[in-house]
Structures are given as C-alpha cells and as structure tokens.
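Single-letter residue listing:
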Amino acid sequence: MALTARLNAAWKHEFADRQFEADTRFASAVQSFTLKSAKLPHDTAELGVGFCAELLRRDDWSLSFEGQYGLDVGERYTGHSFSAGLRIDF
C-alpha cells in the first residue's frame, strides 16, 4: 500500500468586475428580472490538502479538501469543496 499526500496554496487577484448581472425571464413570462452573482473579493487565498492511496496494484483512492478565503478587509468570503475518487485500471 502506498500513501501520497498533497498540499497546495495559491493567491488570486481579481482584475475584472467583481459582481456579475444577468437579465433573464422565463419562457412563458413577459416580465424579466435581474440575477446578481455573489460579490467576489479582490484577493483570495486558496488552500488545499489531499491524500491518494494505492491499495491494490490497479486501484487508487483519493480524498481532498479545497478552501477559498477572501482577504479583503470588511468583506467575508469563503468557499469549501470536498472530493473523493476511485480510479481502477483494467
């Protein structure tokens, strides 16, 4: 059995618009409405950790976590994701 660990760290800076809008309407409706996205921070730290285990010769199991944390003063932004995977070679 082989176990491999993965760590990553990154920094993102948003140069473009931080909030997006879309004017939409339902197919059967006459009146439209506007959808606004969440306001993205200018600066974001991304941190991740993951593990991959090879239990047999032909399979890999993986588990990972990724987190995004807004660094702008006065604005709270966090995003989290978990993923799990199985790869089988045949």
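Residues numbered from 1 in each chain as written. Predicted model: local features only at pLDDT ≥ 70, side-chain atom pairs only at ≥ 80, totals over all residues. Heavy atoms only, no water.

S.K.: Got a sec to walk through the environment of R58? Specific residues and values, please.
M.R.: Inspection of the secondary structure puts R58 in the loop between β4 (43–54) and β5 (59–70). Residue classification places R58 among the exposed residues on the basis of a relative accessible area of 54%. Considered as a pair, R58 and F15 are 43 residues apart in the sequence and their alpha carbons are 44 Å apart. Setting aside chain neighbours within four positions, we find R58 in contact with R87, I88 and D89. (Helix = DSSP H or I, 4+ residues; strand = E, 2+ residues; numbered from the N terminus. Buried < 20%, exposed > 50% of the residue type's maximum accessible area, 1.4 Å probe, protein only. Contact = heavy atoms within 4.5 Å.)

S.K.: Hey, could you go over the side chain of D60 for me, with residue numbers and the actual values?
M.R.: Topologically, D60 is positioned in strand β5. There is a polar contact of 2.7 Å between the side chain of D60 and the side chain of R87. Each residue touching D60, except ones within four places of it in the same chain, is listed here: C52, A53, E54, G85, L86 and R87. (Polar contact = N/O pair within 3.5 Å; in protein donor to acceptor, adjacent residues only side chain to side chain.)

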